[in-house]
Structures are given as structure tokens and as C-alpha cells.
Amino acid sequence: MKYREEYRDPAAARRFADEIARIVTRPWAIMEVCGGQTHAIVRYGIDQLLPPEVTLIHGPGCPVCVTPVDYIDKAIEIAATPGTILTSFGDMLRVPGTDTDLLAAKANGADVRVVYSPLDALEIARAHPDREVVFFAVGFETTAPANAMAAYRAKREGVANFSLLVSHVLVPPAMRAILDSPSNRVQGFLAAGHVCTIMGFEEYLPIAARYRVPIVVTGFEPLDILEGVWMCVSQLEQGRAEVENQYARSVKRAGNRPAQEVMREVFRVVRRRWRGIGEIEESGLALADDYHAFDAEHRFGPVGASGEDEGECISGLILCGDKKPPDCPAFGTRCTPEHPLGVTMVSSEGACAAYYRYRGAEVPAAAE
Amino acid sequence: MCLAIPGRVLTVSGDDPLTRTARVDFGGVVKEINLAYTPEAAVDDYVLVHVGFAITVIDADEAEKVFAHLDRIGEIEAELGGR
């Protein structure tokens, strides 16, 4: 497929890795904040291709993983309500709630339907005017315009039986929270290319300036990631802390203006809780006041705030980059994708699932 | 979750900017994709698609730059006597 295969050329990847090894003079820790990049790094062994001085830290780049347990519980409660259809992206079905998950609710007779696009959920609402149809809207900035469009069209077209359970999160506030943490060891970021396709990269300029960290907007294929790492290491070695754009075939400085307009119309910025991390100011999106009628929390009652007990799972430390999956004593033994103890093993983009799938369970922590 | 895949626009249909769609070819698999966020997309353009929406038109000139970068590295290595 054009714009994919050519960015996976092993010989070209090796040349980038050699060039990084040539310029690096001391240890650097670089964080990627996108589960898709984490997945590609582990799948293609990009971390193993890099010189030992460069450590890639996997950040909280998976919206599925950071959705609070109370939202999962609410979705399960809504799904179990007679006369409703709960629609969701497939990734959410196996995320553990307090007692169960959406897949088990579906097996017990709840009408839970996986959709590819939020517009498919809107179509289901149109096809079933006698039922309440709820879309479980999660995601980063990449997904927010699509979910916003479903709400926008529901309002414009008067689809009164459609509503959204919204748990949207924003990337830059999470990067700030990581940099503010006393245990932070991140020295540079690969910013998520598709988040920036929507938002552009101007909001990263003050972060790079204030914290003196290079931020390189980076794509998802192996050559993109290696070029992003090369650009980031170059900046670190030269003492620069700028925002650069590796992924210019997709990302423009100002982002996608029509998408931002619909996001601003439908959503407002709110304080959000991130599973495993805690509350972060202005780090999420909720429906704007004009869309109150389409808020599932308005129709089915507000989401609780029980907090979470993750038991043995260290997903919070994984999501902040403090630990890597093989550091966890349960990894690959008591915790597997078939029997996950926590979210980073459930989601296909979670760091634990990526390590389990591509590295097997036997990776010793010392090898990291 | 932020996965977006590139595909080629085969045809464009509709007048309403919110519901305008394209048939997009992803290496043989063809899907109907919403163009509300890429009003500039035209036939034969490559678009990046996420959950049923085209979120950008891929810039063909910029797409070559990663390879130009590699060529430059090759020249530098030649200049320095290789590795």
C-alpha cells in the first residue's frame, strides 16, 4: 500500500539507526505519547535497533487504557438498561470495569454493538427510533472531530434517541503532568502525528520553551519513528529545545481547521481523571452546554467517582513511563491478554499487550 | 486507537459539506469515507482515514523528504569516508 511499505524498508531503517549512533554522545530518554507508535516500536524492534544510549519510554498514549473505571461501569449499566443499544469502538469491550466488562454484559443479553465509525452509531439510532442508542465516545484529539460530528449531526437532524457517553482526553496536558512529576526522566518527546494532524503543533511551543524539552511531531511507520528519534537526539545533543515536524506529509502547523471548528462547537475543555494517573486540569473534553440533551449522563445519570483499586497491576507506573512491562512480576504469568489484570494488557495498543505479543512473556527486565 | 490509514480517492459524491463522501481504495479494499474535514480532497488524492473520516490529504512532496534525508546522510557518510 502506498505511503506504508516504503516507510518500512529495513535497509533504510538501519541507515537511520547508524546515523543516530554516530551523533549520540551520552544517554537520553525520549517518550512517545501514542499507543500506535508504542505498538510499532515493539513490533518492528525499533528500540533494539537504537544505540544503547537512547531509551524510548512508552507514555500514556492509549485512550482506552486511561478511561476511568467508573465510565466502564456506567457503559455497562446503560447497556443493561432495557430498551437501549450501547455502541462502542471494539477496543472498549474487554476493558475491565469494577466487576465485569462490556463483552460479558453482551453475553448476558445486553445489546452492545461494535461500530467502526461514530456515524454508524448515528445510523443505528435512525434505524431504531423506539430505542435509546448511546455511543461510548472515547479517544484523543484524533478521534474527537469524528465523535463531535455524530453529536453535531444528531442535533442538526433531530435524532432525539441518540446520546454520547463522553470520556475524551487531550495529549498536551498529560505531557505537562509528566514533566511536572518529581520522578520525571523524560528529556524529549515524540508527539503523536495523528493528534497533531487535527490540532497542529502550536500548543507544543510553550511546553518546549518552558520545560526546555525538544518535541518532534512524528509519524507511525518505522522510518518515521527513526527519523523522529534522530531529530530529537540531534536537538538534545545540540542543546536545542524546539518543536519540529517529522510528519509533514500529514501535519500542518495549524492543523485541520474544519475539524477544530466542529470540536469547539460540540465540546468544552474539562478537568479529567486518567485511569492509573489521576486527575489532570483541562485534560479532557465533555459535551458543551448546547449539547446537554445529547449527553448520556443527562439521560442515564452521572458517572460515579469511586476511584479505582488496580490490585497487583502496575499499569499506572507503565502509563507514566516509570516502569516497562517486563518489570512487572505478573507480566506474562498471572497477567496475559486472555486473562488481563489491567488495561495496558487489554488494549491492543497498551504497552503490556504490545510486549506480550511481539516479545513473548520471557523478556527479562534486565534486557530492557 | 489513533490509527489512520492512507487510501486513494476513487470518486467523490454529495454537495452538503457535512455529508460529502468519497469511495477510497485501501490497497484493494474500498470504503465509503466522509470528507467533512477534507473539503479539498479530489479524485486520485491520497487521504489519511480515521474512524470513517478523512483527516488530511497526504502531501506528496513532503512524503518524499524522509528519503531525501536518507540520501543526505549517505552523502555525509561518503564525505567522511563512510563507516
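Residues numbered from 1 in each chain as written. Chains lettered and ligands numbered in written order. Predicted model: local features only at pLDDT ≥ 70, side-chain atom pairs only at ≥ 80, totals over all residues.

### Regarding the sheet that holds strand E7 (residues 188-192) of chain A
All names here are of chain A. Strand order in the open sheet formed by five strands is E2-E1-E7-E8-E9, with parallel pairing between adjacent strands. Taken across any chain shown, the strands that pair with only one partner, and hence form the sheet edges, are strand E2 (54-58) and strand E9 (243-245). Sheet twist, expressed as the average angle between the axes of neighbouring strands with direction ignored, equals 25 degrees. Bridge count between E7 and strand E8 (residues 215-218): four bridges; the pairing is parallel. Within E8, the residue paired with Ala 191 across the bridge is Val 217. Packed on one face of the sheet, helix H2 (residues 35-43) meets strand E1 (28-32), E2, E7 and E8 and runs near 125 degrees to E1. (Pairing = 2+ DSSP bridges. Helix = DSSP H or I, 4+ residues; strand = E, 2+ residues; numbered from the N terminus. Axes fitted to C-alpha atoms, helices over the stretch in contact; angles between N-to-C directions. Contact = placed C-beta atoms within 7 Å.)

### Topic: the interface of chain A and chain B
At the interface, 42 residues of chain A touch 30 residues of chain B. Contributing elements (two or more residues each) for the side of chain A that touches chain B: helix H1 (10-23), H2, helix H4 (63-66), helix H7 (118-127), helix H8 (144-156), helix H10 (193-199), helix H12 (222-238) and helix H13 (257-266) of chain A. Along the lines of polarity and charge, the residues of the side of chain A that touches chain B split into 21 nonpolar, ten polar and eleven charged. (Nonpolar A, V, L, I, M, F, W, Y, C, P; charged D, E, K, R; others polar.)

### Side note on the environment of Val 54 of chain A
Residues and elements named next belong to chain A. Note that Val 54 resides in strand E2. Val 54 sits 30 residues away from Val 24 along the chain, and the two C-alpha atoms are 8.1 Å apart. In this view, Val 54 contacts Ile 20, Val 24, Trp 28, Ile 30, Val 229 and Val 233; residues no more than four positions away in its chain are not counted.

### Quick word on the pairing of strand E4 (residues 46-50) of chain B
Residue and element names in this part refer to chain B. With five of five residues buried, E4 is to be regarded as a mostly interior element. Residues Tyr 46, Leu 48 and His 50 of E4 are buried on one face, and the alternating residues Val 47 and Val 49, pointing to the opposite face, are buried as well. In the sheet, E4 pairs with strand E5 (residues 53-57) via four bridges, with the strands oriented antiparallel. Looking across to E5, one finds that Val 49 is bridged to Ala 54. The antiparallel hairpin formed by E4 and E5 contains two residues in its connecting segment, where Val 51 sits at a positive phi of about 40 degrees. (Buried ≥ 20, exposed ≤ 12 C-beta atoms within 10 Å, placed from the backbone.)

### A closer look at the pairing of strand E10 (residues 267-274) of chain A
Alignment of E10 of chain A against strand E11 (residues 278-287) of chain A, held across seven bridges, turns out to be antiparallel. If you follow Trp 274 of chain A over to E11 of chain A, its bridge partner there is Gly 278 of chain A.

### Thoughts on the domain arrangement of chain A
All names here are of chain A. Along its sequence, chain A is carved into domain 1 (5-62 + 174-245), domain 2 (64-170 + 255-300) and domain 3 (315-358). One C-alpha centre belongs to domain 2, the other to domain 3; they are set 25 Å apart. Each partner contributes residues to the interface: domain 2 has ten residues there, and domain 3 has twelve residues. Per-class residue counts for the side of domain 2 that touches domain 3 are six nonpolar, one polar and three charged. (Domains from an automatic or database assignment.)

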